[in-house]
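Residue-level structural notes
Listed below, chain by chain, are the residues.
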Amino acid sequence: VVMPGEKMFAAHLAGSVIVAFVVLRVAGHPSPLRETFARRVWGHRSAWLDVRFYVVNGILGAATFLPLFALQRTGMTWVAERLTALAGAREIAHPPGLATMAGVAIAAALVNDLAIYLPHWLQHRVRVLWEFHKVHHSAEVLTPFTVYRFHPVDDVLNLASIVTLVGAFDGLVLWCFPTASVRFTLLDVNAVVFAFGGCAFPEQRAERRREQRQAEA
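Residues numbered from 1 in each chain as written. Predicted model: local features only at pLDDT ≥ 70, side-chain atom pairs only at ≥ 80, totals over all residues. Heavy atoms only, no water.

**Some thoughts on the side chain of Gln72**
Looking at where Gln72 falls in the secondary structure, it is placed in helix α4 (residues 45–87). Overall, the relative accessible area of 15% leaves Gln72 in the buried class. Of the polar contacts made by the side chain of Gln72, one reaches the side chain of Asp170; its length is 3.4 Å. Once you skip the residues sitting within four places of it in the chain, Gln72 turns out to touch Ile162, Val163, Val166, Gly167 and Asp170. (Helix = DSSP H or I, 4+ residues; strand = E, 2+ residues; numbered from the N terminus. Buried < 20%, exposed > 50% of the residue type's maximum accessible area, 1.4 Å probe, protein only. Polar contact = N/O pair within 3.5 Å; in protein donor to acceptor, adjacent residues only side chain to side chain. Contact = heavy atoms within 4.5 Å.)

In structure tokens, the structure reads:
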């Protein structure tokens, strides 16, 4: 709730409530706020299972997954050093402008999204991986906690992909701008990723409705 980089950050949750309220109001729902906090959703056994996933994966993450992120910085440094050895060191005559910083932020968000998409693509196509990943698609109702409904094996694969791709991208940025900061952030989080975080819950609800319509078709 207090960590800006997490989807459960208070500002993201508040943004999700606002977006959900507006979407339901535009759709003509008579009680959008009541629908957002419907007891049939929040009191559902699936919602409480999501909370347990959140707690258990949080404990495992602190003990097992966080060391993977330490490797991200090592990978970043390695890529920057390899590029320097191959192409030489770069010198920046002028500090990067706002357009450059925004471009790097957008590129970083796309790389991060790709790092999440690739293992997800594999998890839907490799049978062994699907056996772990189907837990993520077993929710009967959706709340913000549902985003954490992952088997630990899924989390390891996802984090390994993020560490590899994001670490390589950060190394490229470090090589391109060795003496200047090009971070475009909000509360020390990539501004694009931060903005997207506030739409996570309404997006989940929309995805669930699409899956339900497909199942009924």
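**Examining a nonpolar patch on the surface**
A surface patch of nonpolar side chains, about 610 Å² in accessible area, is lined by Leu114, Tyr117, Leu118, Trp121, Leu122, Val126 and Val128. Residue contributions to the nonpolar patch peak at five residues, all from helix α5 (residues 98–125). (Patch = residues over 30% accessible without salt bridge, like charges linked within 9 Å, V, L, I, M, F, W, Y side chains within 5 Å. Areas by Shrake-Rupley, 256 points an atom, 1.4 Å probe, with all protein chains shown as cover. Salt bridge = Lys/Arg side-chain N within 4 Å of Asp/Glu carboxyl O.)

**With respect to the confidence of the model for the protein**
Confidence in the prediction of the protein, expressed as mean pLDDT, is 78, and 76% of residues score 70 or more. Summarising per-element confidence for the protein, the mean pLDDT is lowest in helix α9 (residues 200–216) (49) and highest in helix α6 (residues 127–133) (94). (pLDDT = per-residue confidence, 0-100.)

**Regarding the packing of aromatic side chains**
Summed over the entire model, instances satisfying the criterion amount to three aromatic pairs. On the numbers, 6.3 Å between centres and 25° between planes, the contact of Phe37 with Trp42 is stacked. Accessibility expressed as a relative area gives 29% for Trp42, which makes it partly exposed. Ring centres of Tyr54 and Phe145 lie 5.2 Å apart, and the angle between their planes is 75°; on these two criteria the pair is classed as edge-to-face. Of this pair, Tyr54 sits in helix α4 while Phe145 sits in the loop between α6 and α7 (152–176), and the two are 91 residues apart along the sequence. Exposure remark for Phe145: the relative accessible area of 19% places this residue in the buried category. Among the aromatic residues, ring-to-ring pairing joins Tyr54, Phe145 and Tyr148 into one connected group. (Phe/Tyr/Trp six-rings, centres within 6.5 Å; stacked < 30°, edge-to-face > 60°.)

**A short note on the pattern of salt bridges**
For the structure on display, the rule yields four salt bridges. Across the pair Arg40 and Glu35 runs a salt bridge, and its minimum N-O distance is 2.7 Å. By relative accessible area, which is 14% here, Glu35 ends up buried. Arg45 serves as the salt-bridge partner of Glu140, at 3.8 Å between the closest nitrogen and oxygen. Linking Glu140 in the loop between α6 and α7 with Arg45 in helix α4, this pair joins segments that are 95 residues apart in sequence.

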